[in-house]
Amino acid sequence: MTAIEYTKVSQGTVYDPANGIDGQVRDLWIAGGRIVAAPTDPDVRPARVIDASGLVVMPGGIDMHCHIAGPKVNVARKMRPEEKRKGEQISGTSNTHSGTMGSVPSTFATGYKYAALGYTTAFDAAVPPLGARHAHEEFDDTPCLDKGFYVLMGNNHYVMQSLQRNEPQKLKAFIGWLLAATKGFAPKLVNPGGVEVWKSHQAGNVSGLDQSVDHFNVTPRQIIRGIAQAAGELGLPHPVHIHCNNLGMPGNWETTLETMKALEGFGGHITHAQFHSYGGGDGDENTFNSKVIQLADYVNTHPNLTVDVGQVLFGETTSMTGDGPLGYFLSKVYGGKWFSSDTEMESGCGITPIKYKNKSLVHALQWAIGLEWYLLVEDPWRVVMSTDHPNGGSFLAYPQIIRLLMDRTYRRDILQTCHPMVRERSTLWDLDREYSLNEIAIITRAGPARILGLKDKGHLGPGADADITIYTPHENKEIMFEMPRVVIKSGQVIVEQGEIRHTPIGKTLHVDPVYDHEVEPDIQQWFEKYYSIRWRNYPVDISYLHESSVVPPRV
Amino acid sequence: MTSSSIDAYAATASIPGELKVIQDATCTFCGCVCDDIDLTVKDDHIIEAKRACVLGKAWFLNHHNDGRASCHIDGKPASLEEGYDRAARILTSGRYPIVYGLSDSPCEAQRVAVSIVDWIKGTIDTTTSVCHGPSGMAFQGVGEVTCSLGEVANRGDMIIFWGANPAESHPRHFTRYSLMPKGMFLPNGRKDRTCVFIDVRKTKSAKAADIFLQIKPRKDFEALWTLRALAKGIELDPELVHRETGVELSVWQDLMDRMKACKFGVIFFGMGLTMTRGKHANTEALLALTRDMNAFTRFAAKPNRGHGNVSGADNVVSWRTGYPFGVNHSRGYPRFNPGEYTTSDTLANGEADAAMTIACDPMANFSQPAREHLASIPLISLDTKETPTTRAATVAFTVATYGINTGGTVYRMDDVPIPLRPAFQSPHPSDFEVLTAIEERVKKIMGITE
């Protein structure tokens, strides 16, 4: 028998909030790609020691909401050559591929950049089931990360039909079947019902939770409630990820509040909450203001809810969404090129270049509203850092957001460069709260792992995946977080001080729910009537996943 | 667990004399990528291809193993190992190596081809640059409002074909997607749709039209802008419109009225638009018109892509480099410039000094200067059969045919990815295997450890 080969991360200052470790000096032992208990035999020597004394040690970062793979991401790459030539150039080396940046980096560049930032897991937030195979193919070219995706189903015809006919058992089986067929991770609702209306009417959309979706005669409220319940009963690790109706519209906070209420106590995650927290009336930008206090209050008192922020950063980026009518709206606001694509039976898509300006009242308010969310949700375990990459800005802005949260002087300095009305229409100036390193570790790794039901991630206890990021402390937290000293993925050093050392492809994380297979013939009958591809050619074969891991249901 | 999508549905060996049926096989002959073909195989021959069109039947039924060697070097049969070594040496010693083709290979092979180009700092280009490349450029200018083909079947009540001849190029286009299907919102199928053809000549397809508009050759741009003006309600000079487009203003006005009145319009366009005078400007006008129409109703546009996996090539090259075709890596990172890095140009300008062609035949269809230059430089070719290009190649690999002998993934013209279900094994390696073997050697020579 060969001896176990250990790696030891020695004497780092460890932040492992899931295990109650808040800045204590510890050794971490790694074997077989996982964290293990320290060997009891004092004569055991590690094969490799990584000296972390004086350095900060955290679990690898987890981005639970970004757009990094699949049909719409790739369309955005094709559509925006102009920002790549002037952006950072990613040259190939003896162990890395070349690539391009801009707001939507190429696949390899995406993997390398996340890794160099200390992130080791990421979830694409919106994949149409018909494009699932495409997303998996891109994942296989996106190294250094464990990855999964959420499956668009808030405008799926079978979902709406089951609700219309009051067939909850069929709905539940369908969700299980669809997640298994796509090798996806979680149900995603994007403007539930609204995209279907967009497909059949000029500038069509729904305006509120109780508007009926024509042809199906169901409401967004029924879709939200129905899927949340079914997903809860299936025991999905991340039951439902919700992009609310009316994204970006003045006065939409009421829709968001209604969405939270529509869950009726079932677990649900409200994504890019920043874009859904606006006061003001009837599309009138002059009355635009923050309603985070009201919404955060509701979240604070309802433990079934979690949110990620969708922070806006000033600068140019690309908006990409499964929300077709939103894409149309934004393209009219900005007047630039516009991509829209409707996918049969399932979903929509909108893409357009956008720019956030600090002198614009609306944009500066969006920036402030994002920060309010971090600062007004009391329990850091229920608010997650995101930029909705690339919608609010790039994931590369995370170190800047960390500084904004940990340093109120810096935050106020930036606020003073913004449109002056922001201080009247949001509470940001008055918020004194500063995040601790422990709280940063929660909102960037421990929290998302818990919200996603990933037991092996987001912590450093025995049995966890050995995904570890080691930072050099610095007074300026942006500098500290933008270039980790060492990044370890599954026990292997993949980055040292920005240099890529190894490029493992990473695992695909997906679910394999137990569902009622008796419903499959009914799904097949529906499918064969209206889809343009064959039933047998729709499910994604396991061979597309390369390395993969099934995340078990919640017990 | 680890595996590869190229093997999702691998071909099994035929048992002599026995019939084998492959259900829901995918035809890769054209961009329709019909995935409902039932193949009957006997003794390594496809004897029936149920539901395939005339082109698909020819593709499947005429396929046979011709006993050709899998590798030729300088025209003489050689071992694969020698071929791989020689190919790797050619690619790594060029100062301006180019790789071209890819539109009749599965995505898995395309990905390896892009890797090779990355390691040798070469230029990669696909047949997109000579068909819908202008559409790709127009797309970068104005975007695109589009939809999957099932949406056309379920909702498209006004179908316009512009510079396209699907009856001959995509024979099942009408029946599977665009005209005949009884869709969710069009229960009577063809009766619920209005079909318009706009072209410079009356093609076979025009028979399917309710309305046929014959415009003057080389005047697509003017015709499209006439419609854009009418959409906005701008008054036009009838005489000028007729003189420029060859069609009466009242006819254009009638068409515009119908376009505004439909519920879900779709414009399919072909190379009659993209490869005639105006090229990307024509496509830009068409995409902009489609966008304009969304101020009145729902409208979508879609290029009728030709080769079975040309859409896959666009996707693979885009996700790996950020650009869809014509990508140069000589500075170590990808740069895009159609007209400079596109193959007809790198050849005609005499810049390329080594080439690899995959599933394409530039010696048969490129310009004289391009062909002359290609014949003068070391060339590696991968093709399923002997062609003018393979005859000119220093190293010529005969490869198995995708979709018939090998599995993998192809993207339909609407970017829907579909798996292949091969019928029988080939004595030849797949292009994926050949490219992987070449890549291994290239990496060794270049000191790549990835």
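Residues numbered from 1 in each chain as written. Chains lettered and ligands numbered in written order. Predicted model: local features only at pLDDT ≥ 70, side-chain atom pairs only at ≥ 80, totals over all residues.

What about the sheet that holds strand β16 (residues 354-358) of chain B?
All names here are of chain B. Strand order across the open sheet formed by nine strands is β5-β4-β18-β17-β16-β6-β7-β14-β15, with mixed pairing between neighbours. The sheet is open, and its two edges are formed by β5 (76-77) and β15 (335-336), each paired on a single side. Bridging between strand β4 (residues 71-73) and strand β18 (residues 395-398) involves three bridges; their strand directions are antiparallel. Along β18, the bridge assignment pairs I73 with V395. (Pairing = 2+ DSSP bridges. Helix = DSSP H or I, 4+ residues; strand = E, 2+ residues; numbered from the N terminus.)

So, the domain arrangement of chain B
Along its sequence, chain B is organised into domain 1 (71-129 + 308-402 + 427-446) and domain 2 (133-303). A separation of 35 Å is found between the C-alpha centroids of domain 1 of chain B and domain 2 of chain B. (Domains from an automatic or database assignment.)

Focus on the environment of B:R176
Residues and elements named next belong to chain B. Among the secondary structure elements, R176 is positioned in helix α7 (residues 173-178). By the C-beta count within 10 Å, which is 22 here, R176 ends up buried. The sequence separation of R176 and C32 amounts to 144 residues, and the corresponding C-alpha distance is 8.8 Å. (Buried ≥ 20, exposed ≤ 12 C-beta atoms within 10 Å, placed from the backbone.)

Overview of the nonpolar core
Counting residues in hydrophobic clusters, the biggest one holds 257 residues, and the most contacted among them are A:V57, A:A115, A:I175, A:I227, A:W373 and B:L286. The dominant element in this core, judged by the number of residues it contributes, is helix α12 (residues 361-376) of chain A, at 10 residues. Here A:W373 is in contact with A:A273, A:Q274, A:V292, A:A296, A:V307, A:V309 and A:V383, once residues within four sequence places are set aside. (Core = buried A, V, L, I, M, F, W, Y, C linked by C-beta atoms within 7 Å. Contact = placed C-beta atoms within 7 Å.)

Regarding the interface of chain B and chain A
Counting residues at the interface gives 59 residues for chain B and 54 residues for chain A. Listing elements by their share of the side of chain B that touches chain A, those giving two or more residues are α3 (107-120), α4 (133-142), β8 (143-147), α5 (149-155), α13 (310-321) and β20 (417-419) of chain B. A per-element tally of the side of chain B that touches chain A places α5(B) first, with six residues. Of the residues that constitute the side of chain B that touches chain A, the class distribution is 23 nonpolar, 22 polar and 14 charged. Two elements, strand β18 (residues 338-342) of chain A and β8(B), share five bridges in a ladder whose sense is parallel. In the sheet register, A:S341 faces β8(B), and the bridge partner there is B:T146. (Nonpolar A, V, L, I, M, F, W, Y, C, P; charged D, E, K, R; others polar.)

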